[in-house]
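# Architecture at a glance
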Amino acid sequence: MSAPTDTGPETLLDGGVEREARRYLRGLGGLASFLLIWWVGALTTQPSYLVPGPVDSARAFVQLFATSTRIVAPLAGLELVLPTGLAHLTQTLFHYIPGLLLGAACGSSLGLAMGWHDVLDDWLRPLVRVLRPIPPLAWVVFAIVWFGIHHTGAAFIVFVGAFWINFYAAYGGVEGVSSELTDAASTLGVKRDLSMLKLVALPSAAPQLLTGFRTSIGRCWMIVVGAELFGAPGVGYEIINAANNLAMETSVAYMFLISLAFLTMDVGFRLFERRALAWR
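Residues numbered from 1 in each chain as written. Predicted model: local features only at pLDDT ≥ 70, side-chain atom pairs only at ≥ 80, totals over all residues. Heavy atoms only, no water.

## Some points on empty space enclosed by the protein
Here the structure, examined in full by the defined rule, presents 1 cavity of 30 Å³ or more. The volume enclosed by the largest cavity comes to roughly 80 Å³. What lines the largest cavity is a set of 13 residues, and nearest its centre among them are Ile144, Gly153, Ala154, Ala227 and Ala232. Classifying every residue of the lining of the largest cavity gives 9 nonpolar, 4 polar and no charged. (1 Å grid on protein atoms, 1.4 Å probe; cavity = no way out; pocket = protein on both sides within 12 Å on 5 of 7 lines; lining within 4 Å. Points joined across faces, edges and corners; volume = space filled by probe spheres on them. Nonpolar A, V, L, I, M, F, W, Y, C, P; charged D, E, K, R; others polar.)

Below, the structure is given as structure tokens:
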């Protein structure tokens with residue numbers, strides 16, 4: 001006769017804690033391996049400035065906050081004195097956030113409309129197929145001509161990137177709405193097209209919509225840095241400026257700064273996403 005197995009709440013809790021601990025330890029092991037490979041690569045590369053090591057890069061990161069820089073907030077015209085790293089990150093956020101939010105709003109709205117209305121989809125689908133393959137950075141020359149090398153031009157590039165990511169998330173989410181749900185809603189008295197979209201399609205497509213926005217948070221960081229390489233003020237400009245002066249450790253420090261900004265936004269949005277989709 002086999003011995004009874006303890007599967008009580010305390011045992012399950014202990015098992016869950018152990019699994020999480022193992023996951024974190026594996027993550028730390030992967031990070032340590034990366035740092036070791038980076039350190040060895042930096043030691044064996046000549047000239048040494050081509051690949052700055054982890055210690056030099058960490059020192060440069062700390063140095064970003066050892067001095068202060070004055071920046072001017074767009075539109076408001078307010079002067080802000082911030083630690084240098086935070087000042088340049090703030091400059092990036094001046095065009096990253098408007099571009100991300102406007103692009104997500106416009107892209108999601110058009111995606112919902114085209115996914116829900118077949119006639120509108122027939123009219124606009126060829127145009128979408130023509131414009132979609134154009135990379136956001138290909139619009140840089142137009143952004144410079146139309147808006148100049150400043151916050152508005154960089155925000156426009158971010159807008160283009162966020163637009164298409166959220167457009168396809170919304171379009172696919174609405175297209176995937178089950179006909180069983182719409183039939184059930186019709187049976188329960190939902191007749192108006194707008195009501196069906198609000199009460200059935202949007203809740204059903206919400207996971208795809210939120211996933212699209214979360215994806216655009218990360219992709220737009222890559223896009224905004226690329227847009228700033230052409231001269232718009234911000235972290236991207238500082239990366240290329242430091243590289244031009246062979247201060248590669250400073251370029252790496254700004255890369256770390258971007259990573260921290262993204263991780264903060266991603267974790268915050270994941271917490272919001274869990275609460276927003278708690279009904280699932």
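## Some points on the pairing of strand E1 (residues 68–72)
As paired strands, E1 and strand E2 (residues 79–83) are joined by 5 bridges and run antiparallel to one another. Note that in E2 the partner of Ile71 across the bridge is Leu80. (Pairing = 2+ DSSP bridges. Helix = DSSP H or I, 4+ residues; strand = E, 2+ residues; numbered from the N terminus.)

## Remarks on the UniProt feature "transmembrane region" (unreviewed entry) in the chain
Per the UniProt record, the feature "transmembrane region" (unreviewed entry) sits at residues 24–41, 61–81, 93–117, 137–165, 220–240 and 252–272. End-to-end, the C-alpha atoms of residues 61–81 are 18 Å apart, and along that stretch the chain is 14% helix and 38% strand. The span residues 220–240 carries 71% helix and 0% strand; its end-to-end C-alpha distance comes to 18 Å. (UniProt positions renumbered as here; feature names shortened; annotations may be inferred.)

## So, the packing of aromatic side chains
For the coordinates displayed, the defined rule picks out 19 aromatic pairs. Where Phe34 meets Trp38, the ring centres are 5.9 Å apart and the plane angle is 40 degrees; that geometry is what we call tilted. Of the two residues, Phe34 and Trp38 are both situated in helix H1 (residues 9–44); the distance of 4 residues between them amounts to about one turn of the helix. Relative to Phe156, the ring of Phe147 has its centre 5.5 Å away and its plane inclined at 45 degrees; by these criteria the two rings are tilted. (Phe/Tyr/Trp six-rings, centres within 6.5 Å; stacked < 30°, edge-to-face > 60°.)

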